[in-house]
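# Chains, contacts and geometry: an overview
Okay, here's what each chain looks like letter by letter:
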Amino acid sequence: MALTGVQIFKLLPKTNCKKCGFPTCLAFAMKLAQAGVDISACPDVSEEAKATLGAASAPPIRSFSLGTGDKAVKLGAETVMFRHEKKFVNPCAIAVNIKDDLSEDALANMAAEVSASEIDRVGQKLRVDAISIEYASGSSAKYEAAVKLVAAKAPDAAIILNCKDTGAMEAAVKAVAARKPLIYCATDGNAEAMAHIAKANGCPLVACADGLDALSTLTEKIKGLGVEDIVLDSGAKSAKEIIEHNTQIRRAALKKSFKPLGYPIINFVMRDDSIHEASIASVAIAKYSSIVVLSDISKWKDLVLFSLRQNLYTDPQVPMQVEQKVYEIGEPKADAPFMITTNFSLTYFIVSGEIENSKVPSRLAVMDCEGLSVLTAWAAGKFTASKIAQFIIESGIADQLARKELILPGQVAILSGALEDKLEGWKITVGPREANAIPTYLKGRAS
Amino acid sequence: MSFVVPKESFNGKVLAVDFGKDDKALAIGGETCLPFLSFEGEIPHKPVIAYEIQDCVPDDWPDTVKNVYKDVSGNPVTWAKYCQNELKAKAIALRLSSTHPDRGDRSAEDAAKTVKDVLAAIQVPLIILGSNHIEKDASVLVASAQAASGSNCIIGKAQEGNYKTIVAAALAHNHKLIAMSELDINLAKQLNILITQMGFDKAKLITDPMCAALGYGLEYTYSVMERIRLAGLAQNDPTMQPPIVGDVGMYVWKIKETVASETDVPDWGALEERGIAWETVTATSMILAGTNLLIMRHPKAVENVEKTINELV
Ligand code: SF4
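Small disclaimer: the values here were computed from a predicted structure and weren't measured.

### Description of the overall build of chain B
Scanning chain B from terminus to terminus reveals 10 helices and 10 strands. Seen through its C-alpha atoms, chain B measures out along the principal axes to roughly 65 × 55 × 35 Å. A burial count over chain B gives 63% of its 313 residues as buried. Within chain B, counting contacts between residues at least 6 apart in sequence, those at least 24 apart form 67% of the total. For chain B, the accessible surface area stands at approximately 11,100 Å², while carbon and sulfur atoms represent 49% of it. Computed over 30 positive and 40 negative side-chain charges, the separation of the two mean positions in chain B equals 5 Å.

### A few points about the site of the ligand
Near the ligand you find Pro13, Thr15, Asn16, Cys17, Lys18, Lys19, Cys20, Cys25, Phe28, Cys42 and Pro43 of chain A, and these make up its full shell. Taken together, the residues that form the shell around the ligand break down as 7 nonpolar, 2 polar and 2 charged.

### As for the interface of chain A and chain B
Residue-level contacts link 56 residues of chain A with 53 residues of chain B. When the two sides are added together, the surface that chain A and chain B hide from each other amounts to roughly 4,900 Å², 63% of it contributed by carbon and sulfur. Of all residues in chain A, the largest losses of buried area upon contact with chain B belong to Arg251, Ile275 and Trp300 of chain A, amounting jointly to 13% of the total for that side. At the surface where chain A touches chain B, the tally comes to 6 salt bridges. Our count for the chain A to chain B interface comes out at 22 residue pairs in polar contact (both at pLDDT 80 or more). Elements that contribute at least two residues to the side of chain A that touches chain B include exactly strand E4 (119-121), helix H8 (212-224), helix H9 (239-255), helix H10 (274-286), helix H11 (299-312) and helix H12 (345-358) of chain A. Element by element, the count of residues in the side of chain A that touches chain B is highest for H9 of chain A, at 9 residues.

### A few points about the packing of aromatic side chains
Within the structure shown, the criterion is met by 14 aromatic pairs over all chains. Note on tyrosine 69 of chain B and tryptophan 79 of chain B: the rings are 5.3 Å apart at their centroids and 45 degrees apart in plane angle, and the pair reads as tilted. Here tyrosine 69 of chain B is found in the loop between helix H1 (63-66) and helix H2 (76-86), whereas its partner tryptophan 79 of chain B is found in helix H2, with 10 residues between them in sequence. Across the pair, exposure class does not vary: tyrosine 69 of chain B and tryptophan 79 of chain B are buried alike. A cation sits over an aromatic face here: arginine 250 of chain A above phenylalanine 88 of chain A, 5.4 Å from the ring centre.

### A short note on the sheet that holds strand E7 (residues 158-162) of chain A
Residue and element names in this part refer to chain A. Strands sit in the order E10-E9-E8-E7-E6-E3-E12-E11 across an open sheet of 8 strands; the sheet is parallel. Each end of this open sheet is capped by a strand with a single partner; those strands are strand E10 (230-233) and strand E11 (266-268). In this sheet, neighbouring strand axes are inclined to one another by 25 degrees on average, regardless of whether the strands run parallel or antiparallel. Across the sheet, H8 touches strand E8 (182-186), strand E9 (205-208) and E10, and the angle it forms with E9 is around 145 degrees.

### Describing the side chain of histidine 298 of chain B
Residues and elements named next belong to chain B. One can find histidine 298 in the loop between strand E10 (293-296) and helix H10 (299-312). When its relative accessible area of 3% is taken as the criterion, histidine 298 is described as buried. Side-chain polar atoms of histidine 298 contact the backbone nitrogen of lysine 300, separated by 3.1 Å. Not counting residues up to four positions away in its chain, the partners in contact with histidine 298 are Thr64, Val65, Val68, Trp253, Ile276 and Glu279.

### Quick look at the pairing of E8 of chain A
Residue and element names in this part refer to chain A. Among the 5 residues that make up E8, 5 are buried, leaving the element largely enclosed by the rest of the structure. Bridge analysis of E7 against E8 gives 3 bridges, and the strand direction is parallel. Across the sheet, the residue bridging to isoleucine 160 is leucine 182, located in E8. Taken together, E7, helix H6 (residues 166-175) and E8 constitute a β-α-β crossover, and its handedness is right-handed.

### Focus: the nonpolar core
Judged by nonpolar contacts, the single largest core of 201 residues is most densely connected at Leu177 and Ile195 of chain B. The element that contributes the greatest number of residues to this core is helix H9 (residues 271-289) of chain B, accounting for 9 residues. Once you skip the residues sitting within four places of it in the chain, leucine 177 of chain B turns out to touch Ile155, Ala158, Ile166, Val167, Ala170, Ile195, Phe200, Lys204, Leu205 and Ile206 of chain B. Ile340, Phe383, Ala389 and Leu408 of chain A belong to the second-largest nonpolar core, a separate cluster that totals 23 residues.

### Details of helix H14 (residues 385-395) of chain A
Residue and element names in this part refer to chain A. Along H14, the positions that sit buried rather than exposed are Ala385, Ile388, Ala389, Phe391 and Ile392. All buried residues of H14 project into a common sector of 165 degrees when viewed along the axis, lining one side. The exposed residues of H14 that point more than 90 degrees off its buried face are Ile393 and Glu394. Considering only its buried residues, H14 is in contact with strand E14 (338-342), strand E15 (362-367), strand E16 (405-408) and helix H15 (416-422). Glycine 396 lies just past H14 and shows a positive phi near 70 degrees.

### A look at the environment of histidine 173 of chain B
Residue and element names in this part refer to chain B. When you line up the elements, histidine 173 lands in helix H5 (residues 163-173). In sequence terms histidine 173 and tryptophan 268 are 95 residues apart; their C-alpha atoms lie 48 Å from each other. Once you skip the residues sitting within four places of it in the chain, histidine 173 turns out to touch Ala145, Gln146, Ser149 and Gly150.

### A few points about the sheet that holds strand E8 (residues 205-208) of chain B
Residue and element names in this part refer to chain B. Taken together, 8 strands build an open sheet; the order of strands is E8-E7-E6-E5-E4-E3-E10-E9 and the sheet is parallel. Unpaired on one side and paired on the other, E8 and strand E9 (245-247) mark the two borders of the sheet. Across the sheet, the mean angle separating the axes of adjacent strands is 25 degrees when strand polarity is ignored. Sheet topology places strand E4 (residues 91-95) next to strand E5 (residues 126-129); 4 bridges connect them, and they run parallel. Looking across to E5, one finds that arginine 95 is bridged to leucine 129. Packing of H10 onto the sheet brings it into contact with strand E3 (48-54) and E10, and relative to E3 it is tilted by some 170 degrees.

### As for the packing of H2 of chain B against helix H3 (residues 108-121) of chain B
All names here are of chain B. With their axes 9 Å apart at the nearest point, H2 and H3 run at an angle of 30 degrees to one another. In this structure, H2 meets H3 at a crossing whose hand is right-handed. Within the contact between the two elements, H2 uses Pro76, Val77, Ala80, Lys81 and Gln84 and H3 uses Thr114, Asp117, Val118 and Ala121. In terms of residue class, the contact of H2 with H3 is made up of 5 nonpolar, 2 polar and 2 charged.

About the criteria used
In this convention, every chain numbers its residues from 1, walking through the sequence in written order. Each chain gets a letter, beginning with A, and each ligand a number, beginning with 1, in the order they are written. pLDDT decides what is reported in this predicted model: residues at 70 or higher carry local features, side-chain atom pairs at 80 or more are listed and counted, and totals for whole chains, interfaces and linings draw on all residues regardless. Side-chain metrics rest on all non-hydrogen atoms present in the structure, leaving aside hydrogens and water. Going along the chain from the N terminus, every DSSP run of H or I of four or more residues is numbered as a helix, and every run of E of two or more is numbered as a strand. The classification of residues rests on relative accessible area computed with a 1.4 Å probe and restricted to protein chains. Under 20% of the type maximum is buried, over 50% is exposed, and intermediate values are partly exposed. Whether two residues touch is decided by their heavy atoms; if any such pair falls within 4.5 Å, the residues are in contact. Exposure was quantified through the Shrake-Rupley algorithm and a 1.4 Å probe, taking into account, for residues, occlusion by the shown protein chains and nothing else. In this tally, Lys and Arg are treated as positive and Asp and Glu as negative; His is ignored, and so are the chain termini. One atom stands in for each charge, and that atom is NZ of Lys, CZ of Arg, CG of Asp or CD of Glu. One heavy atom suffices: a residue is near a molecule or strand as soon as one of its heavy atoms comes within 4 Å of it. Polar here means any residue other than Ala, Val, Leu, Ile, Met, Phe, Trp, Tyr, Cys and Pro, which are nonpolar, and Asp, Glu, Lys and Arg, which are charged; Gly is therefore polar. Accessible area that two parts lose when put together, with a 1.4 Å probe and added across both, is what the buried area reports. By convention in these notes, a salt bridge is any Lys or Arg side-chain nitrogen within 4 Å of a carboxyl oxygen on Asp or Glu. Here a polar contact is recorded for every N or O atom pair within 3.5 Å, except that within protein the pair must consist of a potential hydrogen donor and a potential acceptor, and residues adjacent in sequence are included only if both atoms are side-chain atoms. A pair of aromatic rings is counted whenever rings of Phe, Tyr or Trp (Trp by its six-membered ring) have centres within 6.5 Å, and the orientation is called stacked for planes under 30 degrees apart, edge-to-face for over 60 and tilted otherwise. Working rule: Lys NZ or Arg CZ, within 6 Å of ring centre, within 35 degrees of ring normal, means a charge sits over the ring. In this description, strands pair whenever DSSP reports at least two bridges between them. The convention used is that axes are lines fitted to C-alpha atoms, helices contributing only their stretch in contact, and that angles between N-to-C directions extend from 0 to 180 degrees. Handedness is read with the strands pointing away from the viewer; a crossover is right-handed when the path from the first strand over the helix to the second is clockwise. Buried residues of nine kinds, namely Ala, Val, Leu, Ile, Met, Phe, Trp, Tyr and Cys, make up a nonpolar core once their side-chain atoms join them within 4.5 Å. Note that the arc is computed from the directions linking the helix axis to the C-beta atoms. In this scheme, a crossing is called left-handed if the near helix is turned counterclockwise away from the far one by less than a right angle; it is called right-handed if the turn is clockwise.

Set out below in structure tokens:
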């Protein structure tokens, strides 16, 4: 729980020495309560006060990075159970697991595939974020070599070391320590040794136990050994365990301030069938996982999972908008149909999709209406005859058209007269009311 | 600190709706907790998947899914039998697409005959869907409801612009009814109220808050469904307690990701898997948000989602 200004004030030296830049300790305390300054601005504050403040201001779900560099993925810091309440904060990392006993070529290929997985989707660059290297060979030397190889061939990916043997783990961590690999995993049996390796190398550590009771005990133990960046594996394998454990973990952390489970979650979703695996991965993505580990990746699978993650992690308060401009669909010639709609992304997706389905190359003017749909924008006075006229004139599109004709959404047919008055020399045509009628409409015009 | 399972219990309950006849009848809904969280509530019925068929050759479906049915889709009766007998469909959703003025404009009488023929050929429950044309659906669904009288079907979709006639037909012939509104919890609530004010039992309603495909507004559908569920369970709002339907197939199998070949978009990978995965993942997210009844097209997608449902219960 966050402390009030007065509670913080009681922890300060109360000398009003002004070294923090504030006239009084109380003023500084008030600012601290609003998280407007950092406690370190006061040089004289006691260690004890710092610790109290730190614990009180810690987020209910701890946040830290997986991997290093500008492709590192932030984990944790979530604040809600449902995305309509507030934006989900840190999109989960997508990882693929590979066994160290594969040939060098196979290892290198997988690393290369991960490296090449980045695609651009609705303005965001999305990629497979991490590779989990599984200790299956039984040889510490082989494991270390595989880890080194994969790390070198996938220089941007985060590394997860999937190995229960502490000796092999120690060597592998040292080999790629600069990449801050995630250590998988500490169990009740090896917690001391794994925590020691994690602490010595400054790496995050997965706590793996069977069920949430045992897991809570284990994270407390690991924390007691000095490791702060912990990831949870409750042993959930079935979709049922994933949804129930993950829900209980997030609820315990957010609603009960239960610190032992206030960490990000990792789920392994391996299935024999790749499409079924994508379905189980969706359960983990939607239901609170921070790292989802797959058994294999492919371009179609990446695309489908990236899209789901992107959809669920968008801000529900901000309507998704697309850029205002005239979009070309197909390769429109000068006499191609010219249509207009608003910049609500859903409207744009549906309308442009239907134009594509029609196979009639067209131009689509998308007008900035602050992300409102056609009818709402019209009702709000943002999609009016004069604003549309101004946008069309300023776009300079007339020069590219053989014939100045604008097709208006059927829902705002009422605007056609006023628009014809304002857009001199233009013919205004009323198009279909519903987007699903666009293909028939465009094909009808073309014939 | 020892761990205590943080349970939540609700006063509200999702209404259970049954449809179909005899030993093939099905029920959906009835749960007292959020989707699949059976550690804190009852989930008497798991989500049901209905196979979508149409009353005309589905030439607007992309090849991946059209080819599956190429030998049977020339006739809705053979198509329905194929789904029931070969694909082991638990329910069938017959979409009367060819009644749409732009897609053949077949008459309500024609549609009624198709409904009768399909019903005579199958034992599993039938969902009867119009072509989503407000005016035409009113007449088509009235005639279809009559043709299916006594079969305890689900008919739909009743929308703000046509619900009165469709509700009256569902009442007269004792069918269940899908009420559809566009991605807005308040509109969904308002339509349910209008329909029950006509004397229609809310325990026979199914809410369609409008589906969207993954990548094309799925998050709106997802959140509207979650909010409807929370309103029904946590706030015990009786108008928000009918089960939810997700009409997934028709939204998925027209977007670019299920249509564009790998040659056109090399970055997107194999088209066949991509399409099936798209329907699978869209449907999976819908059931996580609260959908009780899915309408889907590709048998492999249905199979994968059923596997996931069986893992979730
Ligand atoms: S520096 Fe510390 S002791 Fe000095 S005024 Fe600020 S808060 Fe008080």
